[in-house]
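What follows is each chain in one-letter form.
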Amino acid sequence: IKRTLNHVREFYVRELGTATWLDDQGRLLLRGKYVPKYVAQLWRKYVQEYVACRSCGSNDSILSRDSIFRRHYIVNCQYCGASFCAGTSMSGSI
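Residues numbered from 1 in each chain as written. Predicted model: local features only at pLDDT ≥ 70, side-chain atom pairs only at ≥ 80, totals over all residues. Heavy atoms only, no water.

## Considerations on the overall build of the chain
Here's step 1: Per the secondary structure count, the chain includes two helices and five strands.
Here's step 2: Ordered by position in the sequence, the α and β elements of the chain form the string α-β-β-α-β-β-β.
Here's step 3: Taking 94 residues into account, the globule formula puts the C-alpha radius of gyration at 12 Å, and the chain, at 14 Å, falls close to it.
Here's step 4: Within the chain, the fraction of its 94 residues that count as buried is 35%.
Here's step 5: Long-range pairs, those at least 24 residues apart, make up 46% of the contacts in the chain between residues at least 6 apart in sequence. (Helix = DSSP H or I, 4+ residues; strand = E, 2+ residues; numbered from the N terminus. Rg over C-alpha atoms; globule rule 2.2 N^0.38 Å. Buried < 20%, exposed > 50% of the residue type's maximum accessible area, 1.4 Å probe, protein only. Contact = heavy atoms within 4.5 Å.)

Have a look at this one:
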């Protein structure tokens, strides 16, 4: 999905309010017990906000920072060329 593990990790930290880390195999580990269905729901939310194109629905997109307002993320669709502002609440790096 062309997103850094750190960006995904920051999303889960913000949504769950818990500690996360990456293991030796690059898997994201969450502190606490969570129903798998809820974690999957959060993944769909991440894809909807930071990956999927709002115009054509393609997941072939690139996430970048707004050149003027550095706290905003811009999703650029590689399929149809659309661009839109996404997830302005996240303040961490890409």
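Moving on from the model shown.
## Examining helix α2 (residues 36-50)
Here's step 1: Taking 1.5 Å of rise per residue, the 15 residues of α2 would be expected to cover 21 Å, and the 21 Å separating its terminal C-alpha atoms lies within 8% of that figure.
Here's step 2: For α2, the set of buried residues is Leu 42, Tyr 46, Val 47 and Tyr 50. For α2, the arc enclosing every buried residue in end-on projection is 140°, short of the 170-degree limit, so these residues lie on one face. Summarising the geometry of α2, the exposed residues directed more than 90 degrees from the buried face are Lys 37, Arg 44 and Gln 48.
Here's step 3: Buried residues along α2 sit against α1 (5-16), β3 (61-65), β4 (73-77) and β5 (83-86). (Expected span 1.5 Å × (residues − 1). Arc of directions from axis to C-beta.)

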